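The chain contents come next:
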Amino acid sequence: LLWVCNGSPWFCDNATAIRKIFHDIPIIDQEAYDVEKGWITRYTEKGIQSFDHFIAVNKKIKERFLRDFKINIKHCSLIYSAIDTPRITNFKKTQPDSALLRAKHGLPADCKIFTFIARLTEQKRPLMFLSLAKSRISHTDECYVFVGDGELAEQALDYIKQHRLNNVIRIPYIENTLELNAISDGIIFTSSYEGLPIAMLEALSMGVPAFSTDVGDIGDILNMYGGGEVIPVTHTDEQLNTSFNNWMLHRMDYAANLKENEYKILNKFSSENISKQYESCWQHAIVNYTKIAV
């Protein structure tokens, strides 16, 4: 079979020709990672519509496949992102002392740590995170760790300098994000759109509550495990601050819920569980072509 796990303009432009080349094997499409932006705008086209099966990475995308693009429900699967469960469980067994991890990454020993881990792009809206950190600057027991790099890095650094954000520590790259999760009191996502971020799933599996814009299936997952809150993407700075204050009031409850659901999260999003879903999807598509060949 041919599995398309991300798209490109060239691929979409030539989808009809690709279908003709691979006429005798199934094509499984997994290009859409948002309900409005990106590759989903190409799903009305004949070439894409000719494919055999479609994988949605969250419920909102699947609903749009069925409702707007009239894709047969039998040819559509919801499969979430996977996390490397053995990596996480092994880390938990051997993780260094909190003080050592804080020292390793240059973080203060006596502050609550709230992290942002993402590419510094328009999609991730890093300046929204920095605006939140700015509003919390009087809380001297809080540290906001800004992890990532990208085209908005210079603009973000200028913002930090301009507003003298001494409560923000920037780390351009971290090799093992689990080390940061192990010492974090919360993880923050300010994206304008998402599928279902692996960084969030890893954090939840380590008991780190999340505060996020309501994108992708983040709200569903946080509600499922009582692991945090979501806010509208359109929140103003003032509304953002109010919602974050509310989240802070319940943060320890969210952490306790995640501790209780730790193994459920690890199992649901484990690579073993998710790979079985892919295998089932692929085998179903292959069988249909095997019958044709016979």
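Here is what the cut-offs are and how they apply
Residues numbered from 1 in each chain as written. Predicted model: local features only at pLDDT ≥ 70, side-chain atom pairs only at ≥ 80, totals over all residues. Heavy atoms only, no water. Salt bridge = Lys/Arg side-chain N within 4 Å of Asp/Glu carboxyl O. Helix = DSSP H or I, 4+ residues; strand = E, 2+ residues; numbered from the N terminus. Buried < 20%, exposed > 50% of the residue type's maximum accessible area, 1.4 Å probe, protein only. Expected span 1.5 Å × (residues − 1). Bend = angle between axes of the 7 residues up to and from the residue. Contact = heavy atoms within 4.5 Å. Axes fitted to C-alpha atoms, helices over the stretch in contact; angles between N-to-C directions. Parallel < 35°, antiparallel > 145°, perpendicular 65-115°, else oblique. Left-handed = near helix turned anticlockwise from the far one by under 90°. Pairing = 2+ DSSP bridges. Core = buried A, V, L, I, M, F, W, Y, C linked by side-chain atoms within 4.5 Å. Polar contact = N/O pair within 3.5 Å; in protein donor to acceptor, adjacent residues only side chain to side chain.

A. Structural context of the pattern of salt bridges. Overall, the coordinates contain 15 salt bridges when judged by the stated rule. Residues Asp13 and Arg42 are paired through a salt bridge, measuring 2.7 Å at the closest nitrogen-oxygen approach. Pair noted here: Asp13 is in helix H1 (residues 9-13) and Arg42 is in the loop between strand S2 (27-29) and helix H3 (46-49), with a separation of 29 residues, a long-range link. What makes Asp13 exposed here is its relative accessible area of 55%. For Arg42, a relative accessible area of 16% gives the class buried. We note a salt bridge from Glu262 to Lys92, for which the minimum N-O separation is 2.5 Å. Taken as a pair, Glu262 in helix H13 (residues 262-268) and Lys92 in helix H5 (residues 85-94) lie far apart in primary sequence, 170 residues in all. Lys92 gets classed as partly exposed once you look at its relative accessible area, which sits at 24%.

B. Looking closely at helix H12 (residues 237-260). Here H12 is 24 residues long and its end C-alpha atoms lie 33 Å apart, about the 34 Å a rise of 1.5 Å per residue gives. Maximum bend of H12: about 55 degrees, positioned at His250. Among the residues of H12, those classed as buried are Leu240, Ser243, Phe244, Trp247, Met248, Arg251, Tyr254, Ala255 and Leu258.

C. The arrangement of the environment of Leu165 in detail. Tracing the backbone through its elements, the reader meets Leu165 in the loop between helix H8 (153-162) and strand S7 (168-171). Residue class for Leu165 comes out buried when judged on its relative accessible area of 4%. Between the C-alpha atom of Leu165 and that of Ala133, which follows or precedes it by 32 residues, the distance is 7.5 Å. Those residues in contact with Leu165, other than ones at most four positions away along the chain, are Leu130, Lys134, Ile137, Tyr159 and Ile160.

D. Molecular detail of the packing of helix H7 (residues 126-135) against H12. Direction vectors running N to C along H7 and H12 enclose 65 degrees, while the axes themselves pass 10 Å from each other. Our classification of the angle between H7 and H12 gives roughly perpendicular. H12 is crossed by H7, and the crossing has right-handed handedness. Each of Met128, Ser131, Leu132 and Ser135 in H7 lies in contact with H12, whose residues at this interface are Asp237, Leu240, Asn241 and Phe244.

E. Here's a closer look at the sheet that holds strand S6 (residues 142-147). Taken in spatial order, the six strands of this open sheet run S7-S6-S5-S8-S9-S10, and their pairing is parallel. Edge positions in the sheet fall to S7 and strand S10 (228-231), since each has one partner strand and no second. Averaged over all pairs of adjacent strands, the angle between strand axes in this sheet comes to 20 degrees, irrespective of strand direction. Where strand S5 (residues 112-117) and S6 come together, six bridges link them in parallel fashion. Looking across to S6, one finds that Thr115 is bridged to Val145. The sheet contacts of helix H11 (residues 218-225) involve strand S9 (210-213) and S10, and relative to S10 the element is tilted by about 155 degrees. Taken strand by strand, H12 contacts S5, S6, strand S8 (186-189), S9 and S10, and its axis lies near 165 degrees from that of S10.

F. Representation of the sheet that holds S2 in the model. Judged by pairing direction, the sheet is parallel, and its four strands sit side by side in the order S1-S2-S3-S4 without closing on themselves. A single partner strand is all that each edge strand has here, and the edge strands are strand S1 (2-4) and strand S4 (76-78). Neighbouring strand axes in the sheet, compared pairwise and without regard to direction, differ in orientation by 20 degrees on average. Two elements, S2 and strand S3 (residues 53-56), share two bridges in a ladder whose sense is parallel. If you follow Ile28 over to S3, its bridge partner there is His53.

G. Representation of the nonpolar core. In this structure, Val145, Leu180, Leu196, Met200, Leu204, Ile221 and Phe269 are the most contacted members of the largest nonpolar core, which totals 43 residues. Not counting residues up to four positions away in its chain, the partners in contact with Phe269 are Tyr80, Ser81, Ala82, Ile83, Leu196, Leu201, Ile221, Tyr225 and Ile274. Among the nonpolar cores identified, the runner-up in size contains 26 residues, and Phe114, Leu120, Met128 and Ala133 belong to it.

H. Up close: the side chain of Asn167. Relative to the assigned elements, Asn167 resides in the loop between H8 and S7. A distance of 2.8 Å separates the side chain of Asn167 from the backbone oxygen of Ala133, its partner in a polar contact. Once residues lying within four places of it in the same chain are set aside, the contact partners of Asn167 are Ala133, Arg136, Ile137, Glu142, Cys143 and Tyr144.

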